[in-house]
Amino acid sequence: MTVASWEITTNYYLILGALLFTIGAVGLLTRRNVLVMFMCVELMLNAVNLTFVAFADALNDIRGQVIVFFVLSVAAAEVAVGLGIIVAIFRRRRGATADDLDLLKDSTS
Amino acid sequence: MTQFIFVVFGALTLAGAFGVILARNPVHSALSLVVTLVSVAVLFLQQDAHLLAAVQVVVYAGAIVVLFLFVIMLLGVDHPDTLRDPLRGQRVAAIVLGVVLLAEVLFLAGHHWATGAKAAAPQSIRGGDPGLGNNVERVARSLFTDFLWPFEITAALLVLAVIGAVILARRSRQAGDTVAEDAS
């Protein structure tokens, strides 16, 4: 290959993680559908996981991978509870978007 | 070959992420999320995280996305998102803030991070004593010795999450009935 001298370093993975995190954050701020917002949170979690694994690889330390294991299990618990909350919301108000969930907001505005 | 895999699957990761936030239909977002998750799993493999790559595919692409699709189908919210913008300028502000965030994170990522500090030999990913075994055995050793207490807490967290999900799903049915009666 002609690009054999071009090495993939840790920084490439960090930049990819940064891009993925930013896409997730922008999606979380712009989308109205609570389910898609939730998926954007998963994107951001994946960006952080990618960064953890990149650092684990760079420092040759298995503990970086163990932390990702915990992030994965917390993400699974978060999805279970979060989707339960979303189902509860949708049962009360069909077709609700994030903008409709403003019951605590001052109604005069 | 390493470069080829990084470029292809890095591009697929970003393409899937853009698909998640740009698709009007939530089902398409969920399917794009699968592309991103599997591509990240391949990037994990590239960095000697074999167990995590498998867990990523099984737990994320297998369980979590199926759960998302299940809820989308159950609630019937697979109609396209509205482009209505109740908070004026929110999308523009979000994109500007996103660019600022990207600049900040890239500024951090661009630093020289390798301090030369190395983990102790029992915690290394590669090399070291051959008796340390493969990636799965190394993760398992760390998980069940150094991280045993957090691991036990994770078990409690998962049980609490299951109980919480069941309670949320049950109580909402009764509450939903009263709301429907009040509205009628």
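Heads up: these notes are all about the structure in this document.

What counts as what
Residues numbered from 1 in each chain as written. Chains lettered and ligands numbered in written order. Predicted model: local features only at pLDDT ≥ 70, side-chain atom pairs only at ≥ 80, totals over all residues. Helix = DSSP H or I, 4+ residues; strand = E, 2+ residues; numbered from the N terminus. Buried ≥ 20, exposed ≤ 12 C-beta atoms within 10 Å, placed from the backbone. Contact = placed C-beta atoms within 7 Å. Core = buried A, V, L, I, M, F, W, Y, C linked by C-beta atoms within 7 Å. Axes fitted to C-alpha atoms, helices over the stretch in contact; angles between N-to-C directions. Parallel < 35°, antiparallel > 145°, perpendicular 65-115°, else oblique. Expected span 1.5 Å × (residues − 1). Bend = angle between axes of the 7 residues up to and from the residue. Nonpolar A, V, L, I, M, F, W, Y, C, P; charged D, E, K, R; others polar.

1. Structural notes on the overall build of chain A
On a plain count of helices and strands, chain A comes out with three helices and zero strands. In chain A, the succession of helices and strands from N to C terminus is α-α-α. Of all 109 residues assigned to chain A, the portion counted as buried reaches 49%. Pairs at least 24 apart in sequence give 48% of the contacts found in chain A among residues at least 6 apart.

2. Section: the overall build of chain B
Secondary structure summary: chain B contains six helices and zero strands in total. Its helices and strands in sequence order give chain B the pattern α-α-α-α-α-α, from N to C terminus. Within the span of chain B, comprising 184 residues, buried residues form 24% of the whole. For chain B, restricting intrachain contacts to residue pairs at least 6 apart in sequence, the fraction spanning at least 24 positions comes to 49%.

3. Some points on the nonpolar core
Among the nonpolar cores identified, the biggest contains 64 residues, and Leu 35, Met 39, Leu 50 and Val 53 of chain A are the most heavily contacted of them. Those elements that place two or more of their residues in this core are α1 (10-30), α2 (34-59) and α3 (63-92) of chain A together with α1 (2-22), α2 (26-46), α3 (50-75), α5 (135-144) and α6 (148-183) of chain B. The element contributing the most residues to this core is α2 of chain A, with 16 residues.

4. Focus: the packing of α2 of chain A against α3 of chain B
Direction vectors running N to C along α2 of chain A and α3 of chain B enclose 175°, while the axes themselves pass 12 Å from each other. Here α2 of chain A is positioned roughly antiparallel relative to α3 of chain B, judged by the angle of their axes. Within the contact between the two elements, α2 of chain A uses Leu 35, Met 39, Glu 42 and Val 53 of chain A and α3 of chain B uses Leu 52, Ile 64, Phe 68, Val 71 and Ile 72 of chain B.

5. Observations regarding α3 of chain B
Compared with the 38 Å implied by 1.5 Å per residue over 26 residues, the 36 Å span of α3 of chain B between its first and last C-alpha is a close match. The sharpest bend along α3 of chain B reaches about 25° and sits at Gln 56 of chain B. Burial in α3 of chain B covers these residues: Leu 51, Leu 52, Ala 53, Gln 56, Tyr 60, Ile 64, Phe 68, Val 71 and Ile 72 of chain B. Packing partners of the buried residues in α3 of chain B comprise α2 and α3 of chain A together with α2 and α5 of chain B. Phi for Gly 76 of chain B, located one or two positions after α3 of chain B, is positive at around 65°.

6. Observations regarding the interface of chain A and chain B
On the side of chain B, 76 residues touch chain A, which itself brings 67 residues to the contact. Ranked by the residues each element gives to the side of chain A that touches chain B, the list is headed by α3 of chain A, at 23 residues. Its residues placed into classes, the side of chain A that touches chain B shows 45 nonpolar, 13 polar and nine charged.

7. Re unusual backbone geometry
In the Ramachandran plot, Asn 60 of chain A falls in the positive-phi region, its phi being about 55° despite a non-glycine side chain. If you trace the backbone, Asn 60 of chain A turns up in the loop between α2 and α3. Positive phi, close to 65°, is recorded for Asp 48 of chain B, a residue that is not glycine. Along the chain, Asp 48 of chain B turns up in the loop between α2 and α3. Classification of Asp 48 of chain B by C-beta neighbours within 10 Å gives partly exposed; the count is 19.

8. Points about the environment of Leu 72 of chain A
Within the secondary structure, Leu 72 of chain A is located in helix α3. In sequence terms Leu 72 of chain A and Leu 45 of chain A are 27 residues apart; their C-alpha atoms lie 8.6 Å from each other. Residues within four places of Leu 72 of chain A in sequence aside, it is in contact with Val 55 and Val 59 of chain B.

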